[in-house]
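Chain by chain, the residues run as shown.
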Number of protein chains: 2
Amino acid sequence: MSISHGSAERLVVIGGDAAGMSAASQARRLKGPGELEIVAFERGHFSSFSACGIPYWVGGAVAARDELIARTPEEHRARAIDLRMRTEVTEIDVAGGRVRARDVDSGAESWTSYDKLVIATGARPIRPDLPGVDAPGVHGVQTLDDGQALLDTLTGVPARRAVVVGAGYIGVEMAEALIARGYEVTVVNRGSEPMATLDPDMGRLVHRAMEGLSITMVNDAEVTKILTGEDGGVRAVGTEAAEFPADVVVLGIGVRPETTLARAAGLPLGEHGGLLTDLAMRVRGHRNIWAGGDCVEVLDLVSGRERHIALGTHANKHGQVIGTNAGGGYATFPGVVGTAVSKVCDLEIARTGLREKDARRAGLQYVTVTIESTSRAGYYPGAAPMTVKMLAERRTGRLLGVQIVGREGAAKRVDIAAVALTARMTVEEMTSLDLGYAPPFSPVWDPVLVAARKAVTAVRDGPG
Amino acid sequence: MSISHGSAERLVVIGGDAAGMSAASQARRLKGPGELEIVAFERGHFSSFSACGIPYWVGGAVAARDELIARTPEEHRARAIDLRMRTEVTEIDVAGGRVRARDVDSGAESWTSYDKLVIATGARPIRPDLPGVDAPGVHGVQTLDDGQALLDTLTGVPARRAVVVGAGYIGVEMAEALIARGYEVTVVNRGSEPMATLDPDMGRLVHRAMEGLSITMVNDAEVTKILTGEDGGVRAVGTEAAEFPADVVVLGIGVRPETTLARAAGLPLGEHGGLLTDLAMRVRGHRNIWAGGDCVEVLDLVSGRERHIALGTHANKHGQVIGTNAGGGYATFPGVVGTAVSKVCDLEIARTGLREKDARRAGLQYVTVTIESTSRAGYYPGAAPMTVKMLAERRTGRLLGVQIVGREGAAKRVDIAAVALTARMTVEEMTSLDLGYAPPFSPVWDPVLVAARKAVTAVRDGPG
């Protein structure tokens, strides 16, 4: 059944989370219901929730699930956004300007036409095709439902042994959460060091710190099977070399763009499987279709290449840009520089720009420097050690990337480099940056400036 | 007596603190003693100390004076720098290429010729010409000797009542130190709100927070006299309107460039009384004389005007640049954007760029926005409120300044704006900055981005 609509244009949004609902909200700010009808479809139980907050809810730092919900379906509806929950879009008919949606509970399907479409279908967790992966006690942590199921398992099992598969952001954050719940935690990691978003020499610092937190870190280990007990529940995680006993298993391997619908509709996808857009977040070649959030690829301003980065902060920005454009205004999302921050207990981990392998892949030649400094003046109480690695382009000295591992004050220091990368500064220019200095907040040379000074020398003395 | 020297060039440095000794050290790195002789004169007892650390030593957070000394005279001498302590330069003979120095203890004077000269004479505290200002119990906090004298007074007086004159960085930091020492603290301030380096609306937030810390804040009050008791020691601080009982008084009114020698030598001074240099930190019109640190004026990159800013972090950068140039290399100090951070107990205070009155003085028309946000995701434990004020230029939308008052995480956030100012970004460009996001470190929109978004609207809706 095709639903016709009146004189108002209709904006249809697929996906009721950060990107989709930011877009809907911003479009609504610019155009009232008399001008623009907004219909949004969400297949899950929740709208506008913070997936990034799930590890802290599981770990107990955040008390209740609902704290992670920025805006409920009722709040969206009160702003004249027709958000239809538990309703899954099953087809995009680009030629016909309509989408087909199915009520998840009743199975009933219907078509809804659109004048403007926003695709915000998010990402899906990588779930390895392993024997036993569907056994009770094996959990992903992508949705609030996932988080609740994991919490139910943790509550049911007396605190014992947990294995986390994957040592990226989700993996290390879940390791912290499980430690907080009193588990013995083993992290099984395919790479040579945890946090493959860092160079291995910096990942090594994370590795050591995790061991200091009594987390057992197993590197260079590919999981081959999940072993189950007589009751069918998980018993252990197996690799080629060993078995790791587990009462609960958390999969934190990462995510891929959820673009099944877009692919079927013939929309353009990039090499990472994400939708390709222009700078106004319009799907390339489609005047009235926008896409944002975890289902798109974004331009990396440092390498000049497309990347897939699933992060709530990008999704919100995309939504803001899409909503502005869909609402008749003008905005662009120029791209990212690849900033990410995280922590494992009191260890802070940050990166921005390119790793060594990213630089090589982009055809850039570079020098690297690594320095040790402190978060505050050395004599000030609480001064904590901090390691900063910096990459600069050979000859030009342009900043290419920064990685920081340390304690308090390490993570957000990477913002200095994120802005400098956006402005395409050289490391020489960075040495005179007028950064905030007082003994409780920084040494007289901020650690980022110490790295920049050393990088200047490396560029000068490099192979020229 | 004129001392002749051999085939090596001689670099003479006036002032043995941050700028002077950084310059000496950097020049020594580039040229060995066979090529460059380095003689430095310091009239005080200490070299290379952190004046910024004095409030924390007085307050007890830093245990010992020597922790504030980055490098002792012996350490400098071990690097072939002939640092002569307690030796005051009394004249610069520019035409003759020599300086006259006096041994402070013996009174003996002699001339030392130079090929290259570095003037790093620092700043002197503003000491109001008031009745009673020299009474026992009235203290400045500029030097380690000042700090020791104040500590001796504090140790001698049972914790009672302290009055701090001035409510700038030194004033509020000393208020914290005296609270830590168990004093009842009154701050007497000439301005309408504390922290005149902020706009008054932001200073008002500091005012309220100080009251919450049981500091008595007296604004719009000019000190007219220091009252003394029968023993000659301080008894109270008097203004036109009132008297404030005091067992100890700390003067934190600020500093002026110490350029008595330079003025007498006919070197160029600016409207703030500081030496004027070129971008390589050479004194204007003098090929072989450099100046840096608290005795110079610096270019404000936002307003295009010269300012005087006494800050250790600038002094170190100047020294680095001067030492590189004096050592035969090339470096410049392009200027500042006016970043400063401080704290009073757990209240963090930060600013960069222009205040409203700075913008007006520079002929710039602007819009301002002020937003409330939090240091972490709202649901994450420890999320602390933060107020961000932003100035953007009318029509162009160029960022002009940011002020932040809040708790943990407020101060160093200003670095984002400091780099953006250096890069001359617009507030629109700032809205897509790729800043570090994770719930323990930031809301999904960093507070600085929330302010930038609001500023974009203000620029658009402004008087155009």
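Note that the structure is predicted; figures quoted are calculated from it, not measured.

1. Some points on the pattern of salt bridges
Residue and element names in this part refer to chain A.
- Counted by the stated rule, this structure contains 62 salt bridges over all chains.
- The salt bridge partner of Arg-376 is Glu-408, with a shortest N-O separation of 2.3 Å. Taken as a pair, Arg-376 in the loop between strand 24 (366-374) and strand 25 (385-393) and Glu-408 in the loop between strand 26 (399-406) and helix 10 (414-422) lie far apart in primary sequence, 32 residues in all.
- According to the relative accessible area criterion, Arg-376 is buried, its value standing at 18%.

2. Looking at the packing of aromatic side chains
- In this structure the tally under the stated criterion is two aromatic pairs over all chains.
- For the pair A:Tyr56 and B:Tyr380, a centre-to-centre distance of 5.0 Å together with 80 degrees between the ring planes defines the contact as edge-to-face. Of this pair, A:Tyr56 sits in helix 2 (residues 54-59) while B:Tyr380 is found in the loop between strand 24 (366-374) and strand 25 (385-393), placing the two residues in two different chains. By the burial criterion, A:Tyr56 is buried, and B:Tyr380 matches it.
- Over the ring of A:Trp445 we find A:Arg453, and its NZ or CZ is 4.1 Å from the ring centre.

3. Overview of the UniProt feature "domain: FAD/NAD(P)-binding" (unreviewed entry) in chain A
- UniProt's entry tags residues 10-316 of chain A with the feature "domain: FAD/NAD(P)-binding" (unreviewed entry), counted in the numbering of this structure.
- Segment residues 10-316 of chain A splits into 24% helix and 28% strand. End C-alpha atoms: 22 Å apart.

4. A word on unusual backbone geometry
- A positive phi is found at A:Ser214, a non-glycine position, where the angle reads about 65 degrees.
- Non-glycine residue B:Met195 carries a positive phi angle of around 60 degrees.
- Secondary-structure assignment places B:Met195 in the loop between strand 12 (184-188) and helix 6 (200-212).

5. What to know about the sheet that holds strand 16 (residues 243-245) of chain A
Residue and element names in this part refer to chain A.
- Pairing within the open sheet is antiparallel, and its three strands lie in the order 14-15-16. The open sheet terminates on both sides in strands that have one partner only, identified here as strand 14 (223-228) and strand 16. Direction aside, the axes of adjacent strands within the sheet are offset by 25 degrees on average.
- Alignment of strand 14 against strand 15 (residues 234-239), held across five bridges, turns out to be antiparallel. Among the inter-strand pairings, Leu-227 is bridged to a residue of strand 15, identified as Ala-236.

6. Re the environment of A:Val188
All names here are of chain A.
- Residue placement: Val-188 occurs in strand 12 (residues 184-188).
- Taking the C-alpha atoms as reference points, Val-188 and Phe-244, separated by 56 residues in sequence, lie 8.9 Å from one another.
- Filtering out sequence-adjacent residues up to four positions away, Val-188 remains in contact with Val-163, Val-164, Val-165, Gly-166, Val-218, Ala-221, Val-223, Thr-239 and Phe-244.

7. Focus: the relation of the copies chain A and chain B
- Overlay of chain A on chain B (RMSD 0.0 Å): rotation 180 degrees, translation along the axis 0.0 Å. The operation mapping one copy onto its partner corresponds to a two-fold rotation axis.
- Taken as a fraction of all interface residues of chain A, those also at the interface in chain B reach 98%, which identifies the copy contact as same-surface.

Thresholds applied
- Residues numbered from 1 in each chain as written.
- Chains lettered and ligands numbered in written order.
- Predicted model: local features only at pLDDT ≥ 70, side-chain atom pairs only at ≥ 80, totals over all residues.
- Heavy atoms only, no water.
- Salt bridge = Lys/Arg side-chain N within 4 Å of Asp/Glu carboxyl O.
- Helix = DSSP H or I, 4+ residues; strand = E, 2+ residues; numbered from the N terminus.
- Buried < 20%, exposed > 50% of the residue type's maximum accessible area, 1.4 Å probe, protein only.
- Phe/Tyr/Trp six-rings, centres within 6.5 Å; stacked < 30°, edge-to-face > 60°.
- Lys NZ or Arg CZ within 6 Å of the ring centre and 35° of its normal.
- UniProt positions renumbered as here; feature names shortened; annotations may be inferred.
- Pairing = 2+ DSSP bridges.
- Axes fitted to C-alpha atoms, helices over the stretch in contact; angles between N-to-C directions.
- Contact = heavy atoms within 4.5 Å.
- Least-squares fit on C-alpha atoms with pLDDT ≥ 70 in both.

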